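The primary structure of each chain is shown beneath.
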Amino acid sequence: MTSSPQPQQPPAPPYPHPAFARVQEARAASLQLRVADWITKFAGSMNFVYIHAIGFTIWMLLAENSPWPTLTLVVSLEAIFLSTFVMIGQNRQADFQRAKADHDFQEQELELKTNTELTRAIHAMTSELHRRLVEDPDQKG
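Residues numbered from 1 in each chain as written. Predicted model: local features only at pLDDT ≥ 70, side-chain atom pairs only at ≥ 80, totals over all residues. Heavy atoms only, no water.

All right, on to the packing of aromatic side chains then. A full pass over the atoms with the stated rule returns 2 aromatic pairs. Judged by centre distance (5.6 Å) and plane angle (5 degrees), the rings of Trp38 and Phe42 are stacked. Taken as a pair, Trp38 and Phe42 lie in helix α2 (residues 31-43) at a separation of 4 residues, close to a single helical turn. Assessed through its relative accessible area of 27%, Phe42 is described here as partly exposed. Put simply, the rings of Trp38, Phe42 and Phe48 touch in pairs and so form one group of aromatic residues. (Phe/Tyr/Trp six-rings, centres within 6.5 Å; stacked < 30°, edge-to-face > 60°. Helix = DSSP H or I, 4+ residues; strand = E, 2+ residues; numbered from the N terminus. Buried < 20%, exposed > 50% of the residue type's maximum accessible area, 1.4 Å probe, protein only.)

Quick look at the confidence of the model for the protein now. Across the protein, the average pLDDT comes to 85, with 89% of residues at or above 70. Mean pLDDT values over the elements of the protein span from 81, in helix α1 (residues 18-28), up to 90, in helix α4 (residues 68-135). (pLDDT = per-residue confidence, 0-100.)

A few words now on the pattern of salt bridges. In the structure shown here, the tally under the stated rule is 6 salt bridges. With a closest N to O distance of 2.8 Å, Lys100 and Asp104 form a salt bridge. Taken together, the positions of Lys100 and Asp104, both in helix α4 and 4 residues apart, correspond to about one turn of that helix. On the basis of relative accessibility, which here comes to 23%, the residue Asp104 falls in the partly exposed class. The residue Glu128 makes a salt bridge to Arg131 at a minimum N-O spacing of 2.6 Å. On the criterion of helical spacing, the pair formed by Glu128 and Arg131 is a turn pair, its members being 3 residues apart in helix α4. (Salt bridge = Lys/Arg side-chain N within 4 Å of Asp/Glu carboxyl O.)

So this is what it looks like as structure tokens:
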């Protein structure tokens, strides 16, 4: 039995995108954003799910005789805060995308300018070569 070859993943770049690095530096400078990033990362993990499943089970079985009103309040409040952290994470991603798009646009504009200059220089050299070889083949220049 032969196994099909797995597609090769391209190697990761040796350094992060400059726009990503700038956004990360700005976020690292703010304690509030670091805390929000940590909470968002934790809330999106399976550990978060396990802790809640265990905690709510213990609460419902052992902590209160009628846990539903208080549990509903706690879960509702938690959902409000977690949705805020999700939006903070989405804002972080939007900041990165915007910075990356701006950086990439500037790089592409520079590349276009360079390519245009090179094309003009090649055209000038080709025109001069054509003039010397075709129009004035006997003239030494």
